[in-house]
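As a plain string of letters, each chain reads:
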Amino acid sequence: MLFLVQMKVNPPTHLAPDEFARIKEEEKQRALEIQRQGKWPHLWRVTGKYSNVSVFDVDSNQELHDLLTSLPLFPFMEVSVTPMNTHPSALSE
Ligand SMILES: O=C(O)C[C@H]1C=CC(=O)O1
């Protein structure tokens, strides 16, 4: 199942900068792990914004929820999820 996921990061104001830097490094390692598992095939930075556009390839809504909530930055992100189907006019999936 493919999902378009958009994440907007709202950096916390109550954390010391080095603490937030540590969380961002943990986020990077977790993001790389999920990508290596083949569950996060696309991750793009939105130009000029602290947000991304991603595609997740998962087996269920629950798996997507579990992956997103496992991200260390999850408490500091607004996340939107759009389920996707194959388009009938698409040349390829
Ligand atoms: O920076 C972001 O877009 C938020 C998040 C998503 C992947 C990652 O490493 O951080």
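For the structure, check the block above.
Residues numbered from 1 in each chain as written. Predicted model: local features only at pLDDT ≥ 70, side-chain atom pairs only at ≥ 80, totals over all residues. Heavy atoms only, no water.

Undergrad: Go over the overall build of the chain, please, and point to the residues and values.
TA: Looking only at helices and strands, the chain features 2 helices and 4 strands. Secondary structure of the chain in N-to-C order comes out as β-α-β-β-α-β. Along the three orthogonal principal directions, the C-alpha set of the chain runs to about 50 × 25 × 20 Å. Buried residues in the chain amount to 29% of all 93 residues. Restricting to contacts in the chain with at least 6 residues of sequence separation, those with at least 24 account for 67%. Summing over all exposed atoms, the chain offers an accessible surface of approximately 6,400 Å²; the carbon and sulfur share of this is 55%. Positive and negative side-chain charges of the chain, numbering 9 and 12 respectively, have mean locations separated by a distance of 7 Å. (Helix = DSSP H or I, 4+ residues; strand = E, 2+ residues; numbered from the N terminus. Buried < 20%, exposed > 50% of the residue type's maximum accessible area, 1.4 Å probe, protein only. Contact = heavy atoms within 4.5 Å. Areas by Shrake-Rupley, 256 points an atom, 1.4 Å probe, with all protein chains shown as cover. Lys, Arg positive; Asp, Glu negative; His and termini not counted. Charge placed at Lys NZ, Arg CZ, Asp CG, Glu CD.)

Undergrad: Outline the site of the ligand, listing residues and values.
TA: Taken together, the residues surrounding the ligand are V9, E27, K28, A31, W40, R45, Y50 and N52. Separating an oxygen atom of the ligand from a side-chain N or O atom of E27 is a distance of 3.3 Å. In the environment of the ligand, an oxygen atom lies 2.7 Å from a nitrogen or oxygen atom belonging to the side chain of R45. Burial of the ligand by the protein amounts to 88% of the accessible area it has alone, namely 280 Å². Top element by residues in the shell around the ligand is helix α1 (residues 17–36). It accounts for 3 residues. Looking at the shell around the ligand, its residues break down into 4 nonpolar, 1 polar and 3 charged. (Near = heavy atom within 4 Å. Polar contact = N/O pair within 3.5 Å; in protein donor to acceptor, adjacent residues only side chain to side chain. Nonpolar A, V, L, I, M, F, W, Y, C, P; charged D, E, K, R; others polar.)

Undergrad: Which residues make up the side chain of E27, and what values go with them?
TA: Inspection of the secondary structure assignment puts E27 in helix α1. It turns out E27 is buried and unbridged, and the closest side chain with the opposite charge, R30, is 8.1 Å from it. (Salt bridge = Lys/Arg side-chain N within 4 Å of Asp/Glu carboxyl O.)

Undergrad: Go over the nonpolar core with me, naming the residues and quoting the values.
TA: M7 and F56 are the most contacted members of the largest nonpolar core, which has 18 residues in total. Those elements that place two or more of their residues in this core are β1 (2–9), α1 and α2 (61–69). For F56, the residues in contact, after removing those within four places along its chain, are M1, L2, F3, V5, M7, I34, K39, W40, P41, L64, L67 and L68. (Core = buried A, V, L, I, M, F, W, Y, C linked by side-chain atoms within 4.5 Å.)

Function cannot be read off these values alone, since they describe shape.
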